[in-house]
Amino acid sequence: MKRYLAGFVLGLASILALAPITGVGQTATPAAYTPPRTPDGQPDLQGVWQVMNTAAEDLEAHNGRLGVPAGQGVVEGGVIPYRPEALAKRKENFEKRATADPENGCLLPGVPRITYTPGPFQIVQQADRVTILYEYRNAIRYLYMNGNPHPKGPIDWWMGDSRARWEGNTLVVDVVHFNDQTWFDRAGNFHSEDLHVVERYTPLSPYHMQYEATIEDPKTFTRPWKISMPLYRRQEKDVEVLEYACPAYLLEREWANPTSTYFQPWDF
Amino acid sequence: MSHRLVAALTALVIALALWAVMPVRVSGQAFWPKSTPKIPMAPTWVRQKAQLPPFTPPRLADGHPNLQGAWDGAGGDGAADIEDHEWLDATTPSQETFISDPADGKVPYTPWAMAKHLEIRKGLGRGWPGEQGERTHGATRSLCLNTVPRINVDGGQEIIQRPGQVIIISSDVGNFHRIIPTDGRPHIGPNARFWFGNSRGRWEGDTLVVEITNLNGRGWFDTAGNFYTENTKMTERWRLVDPNIIDYSVTIEDPTIYTRPWTMNFPKRREGTDNRRLRAAAFAAVSAEERRASGYVENTAPARPREPNPYAKEVWEEPCFEGNHENTITQHESGFKWYSGVTPPK
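Let me begin by describing the structure that accompanies this report. (Residues numbered from 1 in each chain as written. Chains lettered and ligands numbered in written order. Predicted model: local features only at pLDDT ≥ 70, side-chain atom pairs only at ≥ 80, totals over all residues. Heavy atoms only, no water.)

Moving on to the overall build of chain B. When helices and strands are counted, chain B shows seven helices and ten strands. Buried residues in chain B amount to 55% of all 346 residues. Sequence separation of at least 24 residues holds for 63% of the intrachain contacts in chain B that already meet a minimum separation of 6. (Helix = DSSP H or I, 4+ residues; strand = E, 2+ residues; numbered from the N terminus. Buried < 20%, exposed > 50% of the residue type's maximum accessible area, 1.4 Å probe, protein only. Contact = heavy atoms within 4.5 Å.)

Structure, rendered in structure tokens:
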């Protein structure tokens, strides 16, 4: 009996000893990297960043098409868990994407789409706020860390309301108060105004960080799902965020087009 | 709020800038009765700043002056016409010129450029003297397209300084940010042309000097057709002359359309200081009868109790372009053409 007990204790001890190692292996992000700190002591994520993937075309794995490179997809598990009626809507969106994608109207792209919309963005940190300045459309996001909760809704903002906090070295951003007018990509993936996004920015080295966005919208999806991709720090000498004045390019083109349908009331 | 309501509210905000198309009924402080005293701009500011005592600005750790914080625009009517003008309607009060040099406060156009300016001006459909009833060119601002230096005139801005960079964010007129390198790097190549141009900053003593080149020449300084070209170079100077005042000037050079360099100059006041008082004083200077006669709608709702608002200092989304589609349609249907700049003679 004592031998069995001793063996059990020994076994338990080795399981306990092994557990932390197993735990490390299961963590998506190695804890080894310690980022530099801002003057007020926060992990310093400042700089110019950009994704390098085809998420702007389609979050799911996709084949190549004319002008569209193939991509492995950024959705964990591979497939977005649409409700049946929403899946039909996504299919319809895909077929009508040449005209129906709100990006064609140069509208603000929402979150997380702004992150992987082509072009770089710059992160600027202050004590109670992280500001992201995007090249695309000169868009701005303020991620507040001032202790205020989300303001009371309903509010339908294009880019939502962002409240941020630090979990270790990870910037966690909770985003709500969206409208239902934005898509997630050029393939028709979409959401309702009940969209709730939780973003995580985790620095992994001086040169890259992991970006994750958990997407919850019970009207559209059967369960929360997640996209994940690295953000790369732009390394070019003198790199700077330039200008993509989408509305100006669009209006100039449409003004010159005598058969333009742009100057008709929108149906929403 | 429903999307329609947001769109309607945004449209109302835009309507304040969309003077060219329709008469605007407004309530609130952006309303200027006819007897509003002339809004001071460059001439008054040049006199005022000459009286200021010497000022040593607070500095950041890197030794440069600390310009950080939230700053107002120029006040008044924004830039309806950068030159001195009389009262036009409730959105456009009598206002001094923005131009401190030359002394006459006028843009020193060459004869060719002056003819071009008058040609644009007569087709503004706005009610300015000299118009001939045509509608040729609306101002890009009413299409939610921002330009420099107009953005410094129009609304509030926040300045953030970082080593090697000055960041200027304008968030109350749609989205606009400038990230100005101050690390001595050269301008971008000459074929790249931008609505905001390409900005390079440097410190000359306590003054932030920003050179803007690579402009696409498609913007105006105002809504009255005062224009620049692709050849124009702008040099901005930002200097603290008081804890709450930046002396802002921008010198415009372009031998292809101006006979000499010229300069706009006005104060940018720290948000929450003088501009609000100025507007309130101008508003209070006229009688309620005259306000009503001019179309002002008095707010008769009982005053809401003032509670401390924890969100008061946050900047919330106010998209300009998203809510402006109906105004864009109106501009298009009214016959306004797209302005793609001018080509001066060689």
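Cis geometry is adopted by the peptide bond preceding A:P154, which originates at A:G153 and carries an omega value of -5 degrees. Along the polypeptide, A:P154 turns up in the loop between β4 (140-144) and β5 (161-167). Across the junction of B:D101 and B:P102, the peptide omega takes the value 10 degrees, indicating a cis bond. You can see B:P102 is positioned in the loop between β2 (99-101) and α3 (111-121). In this structure, A:R137 is a non-glycine residue whose phi angle is positive, near 65 degrees.

Below, the discussion takes up the pairing of strand β10 (residues 262-269) of chain B. Residues and elements named next belong to chain B. Along β10, eight of the eight residues are buried, which leaves the element largely enclosed by surrounding structure. Here β10 shows no split at all, with W262, M264, F266 and K268 on one side and T263, N265, P267 and R269 on the other all buried. The pairing of strand β9 (residues 245-253) with β10 spans eight bridges and is classified as antiparallel. Residue pairing across strands places I252 opposite W262, the latter belonging to β10. (Pairing = 2+ DSSP bridges.)

So, about the packing of aromatic side chains. All names here are of chain B. For the structure shown, the criterion picks out 26 aromatic pairs over all chains. Centre to centre, the rings of W195 and W338 are 6.5 Å apart; their planes meet at 75 degrees, and the pair counts as edge-to-face. Of this pair, W195 sits in the loop between β5 (176-181) and β6 (198-204) while W338 sits in the segment after α7 (325-333), and the two are 143 residues apart along the sequence. Residue W195 is classed as buried on the basis of its relative accessible area of 5%. Classification of W338 by relative accessible area gives buried; the value is 14%. (Phe/Tyr/Trp six-rings, centres within 6.5 Å; stacked < 30°, edge-to-face > 60°.)

Hydrogen bonds between backbone atoms are what pair the strands of a sheet, whose relative direction is either parallel or antiparallel. All names here are of chain A. Taken in spatial order, the nine strands of this closed barrel run β1-β2-β3-β4-β5-β6-β7-β8-β9, and their pairing is mixed. Neighbour-to-neighbour, the strand axes of the sheet open up by a mean angle of 30 degrees, direction not taken into account. Pairing geometry for strand β1 (residues 47-50) and strand β9 (residues 225-233), over two bridges, is antiparallel. Residue pairing across strands places W49 opposite R233, the latter belonging to β9. (Axes fitted to C-alpha atoms, helices over the stretch in contact; angles between N-to-C directions.)

This brings us to the interface of chain B and chain A. Facing 47 residues of chain B, the contacting portion of chain A comprises 52 residues. Taken over both partners, the interface formed by chain B and chain A buries close to 4,500 Å², and the fraction arising from carbon and sulfur atoms is 56%. For the pair chain B and chain A, the number of links is six salt bridges. Across the salt bridge formed by A:E240 and B:R200, the nearest N and O atoms sit 2.6 Å from each other. For the pair chain B and chain A, the number of links is 28 residue pairs in polar contact (both at pLDDT 80 or more). Sorting the residues of the side of chain B that touches chain A by element identifies α1 (3-17), β3 (157-162), β4 (165-170), β5, β6 and α7 of chain B as the ones contributing at least two each. It is α7(B) that contributes the most residues to the side of chain B that touches chain A, five residues altogether. (Buried area = accessible area lost by both parts, 1.4 Å probe. Salt bridge = Lys/Arg side-chain N within 4 Å of Asp/Glu carboxyl O. Polar contact = N/O pair within 3.5 Å; in protein donor to acceptor, adjacent residues only side chain to side chain.)

All names here are of chain B. Tracing the chain through its elements places W87 in the loop between β1 (69-71) and β2. Taking the C-alpha atoms as reference points, W87 and P37, 50 residues apart in sequence, are found 9.5 Å from one another. Apart from residues no more than four positions distant in its own chain, W87 is found in contact with W32, P33, K34, T92, P93 and S94. Side-chain polar atoms of W87 contact the backbone oxygen of P33, separated by 3.4 Å. Within polar-contact distance, the side chain of W87 engages the backbone oxygen of D89 at 3.4 Å.

That is the geometry; function is a separate question.
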